[in-house]
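These are the residues of each chain, in order.
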Amino acid sequence: MLASQSSCTPQPWVIHHSNCFCIRLRGCPDTDQHVNLPLKGSFVKRFVLACVLLIVALLPLLGQRAEAQSAPRDSVFGLNSHIASRYPVFDSLEQPAALVNNLSAGWVREEVQWHRIEEQPGQFDWTWYDKVFDAHRRNGVNIIGLLNPAVGWATSEPGDAPNGVSFFPPDPNLFATFAKAAATRYKGRVQAWEIWNEPENALYWKPAPNPAAYAQLLSKASAAIKSVDPGVTVLSGGVVPFDPSFLNAVAAHGAWNAFDALSIHPYVDPFTPETAQIDVVGVQNVQTLAARYGRKPIWVTEFGWTTGPCERDPEGRTDDEEQANYLVRAAAMLRGAGAERVLWYNFKDHAQPCYGLVRGGGGPTDYAPLKPAARALKVLSEQVGGAQPLGPQDVMPRQTVLTFDDANGWGAPFPVGKPAISSSTAQVHGGTAAGQITYQFTSGDNDYVAFPRSANTALPANTSRIGLWVYGDGSGHMLQLRVVDEQNEVLQYRLGFLGAPGWQFMSASLTGEVEQGNRITGGNGRLDGTLRLKELIVDDDPNTAAGSGTFYVDDLTAFQGGEVYAQRFGRGGEVVDVLWSPLGASVQLASASGSATVTERDGGSRVVNANGGILSLNVGPAPIYVRYVPGSAPAPEQKPAPAPVGAPAAFDGRYADPLFQQVWQRTDKPVAENRLTEPRTWLWGPQPSSASHREPYSDSPGGSRLVQYFDKSRMELNNPANGRVTNGLLVVEMITGKLQIGDAAFADSSPAEQSVAGDPTEANPNGPTYASFRSVAFPVNPTKAANRNGQQVTGVLRRDGSVADDAALASYDVRIASYDDTLGHNVPRVFTAFFAQRGLVYEGSFKQGQVIDAIFAVGLPISEPYWAKVKVGGVEKDVLMQAFQRRVLTYTPSNPAGFQVEMGNVGQHYLRWRYGR
């Protein structure tokens, strides 16, 4: 990312006149300095001449004079200042250095340009660097000296100007000599030396990156530096870390031990730090590589976002406020992931808005017009610059979507013939087993293995982030997943890289726009509406990697609601949580202190009192710092999800169990075969609407039960040993928003906004939904109704849950016929007559009998009967409806006989609500 900028270079030179020696420090015209020494008498001339020659000989060492220094700052945050190489006026070099000091930066990165210091072999001019480095050290700012690029006379490229800048590789011995001279001069003033900038980039290592040549340059330069300053830190040249191939090759050429810390440049702009996973791609994959060759500290020496059309963002998609937000969010994430130093790129824009903290303003010396990001860096350094990172904190509600206790629900891998996901107890994070994934990459080209779901697994409503526990194999290969939305757009998300053995949680944000390369199908690049997990993928990284391995996965987890991030830092007995939410959300923090100090991104602060040991805060895209003593409350509840093995597949022509077929045949076989003399509606539907499926149920053997869906309901086999088919309380679940996953276990969801009767919700604006019944139905409203036996039904339920009375509905003369004492609700005659009907049934043979077992098929009434205006086939009709535990019954007076009373399509509605299909 670093580009050279020409600037005048002062150099000492001596002019001999007949009556004096004129020593001139040559620089820009307005910085030339002259010292005239008069010569009188031969002895004096000889003496002065000897002194002058001594001065000239010592000029390269003059910078070693002692300077008053402040104690080094403890902040790990800083910026690429590049004052010595880019600021054009020698006399005022201290001014931009003073601004760095005012920003509370702990570190700067200054490019030590060889061509400006040693324009001719052996002739050194350190003047500008002396002045800038002394200013930084007086302020207590730590310095990274970036040795980059080459000078023309030191390369073999014939087109290089001898005294000009060159990005062709220099002779490594000459470069090492220069590095030694710099380390000698600035011993004690420069805390770290970085050997080259982005050597993996053809812009900065011409004509093409050469890991072997760079490894030699790095090794020689490092040895030369350490020979004169053994305690200084040597950094590898900063690389963009997304492809580890270059670093792998450097290590293969023996240079891994030639440096003390890895320098990286994790640019992800113009995408947000969360959607692009700056912590994962910036730090985690490099940590995996370092674990292979020998662990190294990781220093982020460049990262940033531009505020106008510039470099990686030609459209200028990030504004000033977003730049400031991203600076803090990314820095906190990188620090939380393990980066030991984090430096922003860069200090000042030129003519056009770009990565700078300072606008272009009135020219290269105008440092007055600061962007909001400058203030954000200052507050970041002051709040957590010297604090210990404690890592990310969970503050969002979450559900376990897949437990991997068995391998059901996974289809055949692609490419064909690869091993399928299997259930294993070799490594288990939760439950009784984990998923075992074995892969083999053989081509030396881009290899991957995709593990599709047999049927796409519905994610809970409002899922904004998804994660997975992974027990790695140290390979560094990439783990991804694909998600499909209600528009059938498929997007790919990177969870992380396979690290060293041990359980690690990997997650990805599902909000925001994804990069073009991860848009598997056409669309807007964002997930919309209901979401489903499509497949899990392990991809070789780098693409040339070959080999095989085995790793384990467990407890796929969905995070719901507004996406909230929290990075925690420790300060003494307190913590500072850096909190933000890209789209805005509320968050609660357990606190052992009565109050907390909340500092805004720009430095304003306030005190927030805890209520019952809880701090309640609203957070948005601008991060805040919350300083307090954390409480010992448990982490957010781990809520089991409704479907650990995904959405049911479509009906495949088979009943899930012969018992299900027997139950269906009893009432609906006569209808399906047209054996009735009088019309009768379906009790279940013409056939199952799903294939065999298993859903979590804690009281069933193995923790799951066999189910199969029908248009009107769902059949369940909780315990195969007793052979008893049950009919789920689907209506209760949809009204309450609680999914039953055990006899007394429930998982939270949201009440169903599906229309109870008639056309779909979007085409049925007045028709009540299941959520509409919350105001009138048990158990949300447990109030018992009065016994109204014999009275007419004229009550109306509106979409918003309100109830009214319409006397005109008395014309239908629908009257109450019975009262259920258990829950306290009235049932109209049209429904009691429906329950009492006798007719043709099938019990091994066709016979007459009671058609409906009301308790088994319908359950108890949980609401009163209500009229509603409902669209059916686009035509609005008066429909009477009543909620029962297992079904909704409707009465439509305008329907033909035999079809006036019907079972609602509860099974269809439930599938749509729970699984999005």
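Here the structure is a predicted model, which is why all the values come from computation and not from measurement.

A. Here's a closer look at the packing of helix α9 (residues 278-293) against helix α10 (residues 320-337). At a minimum axis separation of 9 Å, α9 and α10 run at an interaxial angle of 25 degrees. Looking at the two axes, α9 sits roughly parallel to α10. Crossing hand, α9 versus α10: right-handed. Residues Ile278, Asp279, Val283 and Gln287 of α9 touch α10, and the partners they reach there are Ala330, Met333, Leu334 and Ala337.

B. Local environment of the sheet that holds strand β33 (residues 693-696). Within the open sheet, the four strands sit side by side as β33-β34-β35-β36. Their pairing is antiparallel. Among the strands making up the open sheet, the edge pair consists of β33 and β36 (725-727). Going across the sheet, the axis of each strand differs from the next one's by a mean of 40 degrees, ignoring polarity. Here four bridges tie strand β34 (residues 704-709) to strand β35 (residues 714-717), and the two strands are oriented antiparallel to one another. Looking across to β35, one finds that Leu706 is bridged to Leu717. Each of β34, β35 and β36 is contacted by helix α12 (residues 658-672), which is oriented at about 140 degrees to β35, the strand it contacts most.

C. Seen up close, α9. With 16 residues, α9 should cover 22 Å at 1.5 Å per step; its first-to-last C-alpha distance of 23 Å lies within 8% of that length. Taken together, the buried positions of α9 are occupied by Ile278, Val280, Val281, Gly282, Val283, Gln284, Asn285, Val286, Thr288, Leu289 and Ala290. Buried residues along α9 sit against α8 (245-252), β11 (262-264), β12 (298-300), α10, β21 (490-497) and β22 (503-509).

D. Spatial organisation of the confidence of the model for the protein chain. When the pLDDT values of the protein chain are averaged, the result is 88; 91% of them are 70 or greater. Every residue in residues 3-66 is under pLDDT 50, and counting partners more than four places away or in other chains gives 109 contacts.

E. Here's a closer look at the layout of surface pockets. Counted as a void, the second largest pocket has a volume near 840 Å³. What lines the second largest pocket is a set of 39 residues, and nearest its centre among them are Asp279, Pro392, Phe505, Met506 and Ser507. Elements that contribute at least two residues to the lining of the second largest pocket include exactly α9, α10, β14 (388-392), β19 (463-471), β21, β22, β24 (547-560) and β25 (565-571). Taken together, the residues of the lining of the second largest pocket break down into 17 nonpolar, 15 polar and seven charged.

F. Seen up close, the state of the cysteines. In total, this model carries one disulfide according to the counting rule given. Here Cys310 engages in a disulfide with Cys354; their sulfurs sit 1.8 Å apart. Across the S-S bond of Cys310 and Cys354 the torsion is about -65 degrees, and the bridge reads as left-handed. Residue Cys310 is found in the loop between β12 and α10, and its partner Cys354 is found in the loop between β13 (341-344) and α11 (372-384); the two are separated by 44 residues along the sequence. Residues Cys310 and Cys354 agree in their burial class; the two are buried.

G. Summary view of the side chain of Ser581. Mapped onto the fold, Ser581 is located in the loop between β26 (574-580) and β27 (585-590). The exposure class assigned to Ser581 is buried, which follows from its relative accessible area of 0%. For Ser581, the side chain forms a polar contact with the main-chain oxygen of Glu563, separated by 2.6 Å. In this structure, Ser581 is in contact with Gly562, Glu563, Val564, Val619, Gly620 and Pro621, ignoring residues within four places of it in sequence.

H. Fine view of unusual backbone geometry. The omega angle of the peptide bond from Asn148 to Pro149 is -10 degrees, so this bond is cis rather than trans. Among the structural elements, Pro149 can be located in the loop between β6 (142-147) and β7 (150-151). Cis geometry is found at the peptide bond from Tyr345 to Asn346, where omega equals 0 degrees. Following the sequence through the fold, Asn346 ends up in the loop between β13 and α11. Of note, Trp196 is a non-glycine position whose phi angle comes to about 80 degrees, a positive value.

I. Region of the structure containing the sheet that holds strand β4 (residues 77-80). With parallel pairing, eight strands are arranged side by side in an open sheet as β10-β9-β6-β5-β4-β13-β12-β11. Both outer strands of the open sheet, β10 (233-235) and β11, are each paired with one neighbouring strand and no more. The mean inter-strand angle of the sheet, taken between neighbouring strand axes irrespective of direction, is 25 degrees. Strand direction decides the pairing type here: β4 and strand β5 (residues 107-112), joined by three bridges, are parallel. Bridge pairing in β5 links Asn80 to Arg109.

J. Up close: empty space enclosed by the protein. Counted under the stated rule, the structure contains seven cavities of 30 Å³ or more. As a volume, the largest cavity reaches approximately 70 Å³. Forming the boundary of the largest cavity are Thr275, Gln277, Gln492, Tyr493, Arg494, Ala508, Ser509, Val514, Glu515 and Asn518. When residues of the lining of the largest cavity are traced back to their parent elements, those giving at least two are β21 and β22. No other element matches β21, which puts three residues into the lining of the largest cavity. The residue inventory of the lining of the largest cavity, partitioned by class, reads three nonpolar, five polar and two charged. In this model, the second largest cavity occupies a volume close to 60 Å³. Along its surface, the second largest cavity is lined by Thr667, Asp668, Arg680, Thr681, Trp682, Leu683, Phe834, Gln837, Val851 and Ile852. Taken together, the residues of the lining of the second largest cavity break down into five nonpolar, three polar and two charged.

K. Geometry of the nonpolar core. Ranked by size, the top nonpolar core spans 108 residues in total, and within it Leu147, Trp193, Ile195 and Phe303 carry the most contacts. It is α10 that contributes the most residues to this core, nine residues altogether. Among residues more than four places away in sequence, those in contact with Leu147 are Val112, Phe175, Phe178, Ala179, Ala182, Trp193, Glu194, Ile195, Trp196 and Ile225. Core analysis: the second largest hydrophobic core is formed by 34 residues, Ile437, Ile466, Leu510 and Leu536 among them.

What counts, and where the lines are drawn
Residues numbered from 1 in each chain as written. Predicted model: local features only at pLDDT ≥ 70, side-chain atom pairs only at ≥ 80, totals over all residues. Heavy atoms only, no water. Axes fitted to C-alpha atoms, helices over the stretch in contact; angles between N-to-C directions. Helix = DSSP H or I, 4+ residues; strand = E, 2+ residues; numbered from the N terminus. Parallel < 35°, antiparallel > 145°, perpendicular 65-115°, else oblique. Left-handed = near helix turned anticlockwise from the far one by under 90°. Contact = heavy atoms within 4.5 Å. Pairing = 2+ DSSP bridges. Expected span 1.5 Å × (residues − 1). Buried < 20%, exposed > 50% of the residue type's maximum accessible area, 1.4 Å probe, protein only. pLDDT = per-residue confidence, 0-100. 1 Å grid on protein atoms, 1.4 Å probe; cavity = no way out; pocket = protein on both sides within 12 Å on 5 of 7 lines; lining within 4 Å. Points joined across faces, edges and corners; volume = space filled by probe spheres on them. Nonpolar A, V, L, I, M, F, W, Y, C, P; charged D, E, K, R; others polar. Disulfide = S-S within 2.5 Å. Polar contact = N/O pair within 3.5 Å; in protein donor to acceptor, adjacent residues only side chain to side chain. Core = buried A, V, L, I, M, F, W, Y, C linked by side-chain atoms within 4.5 Å.

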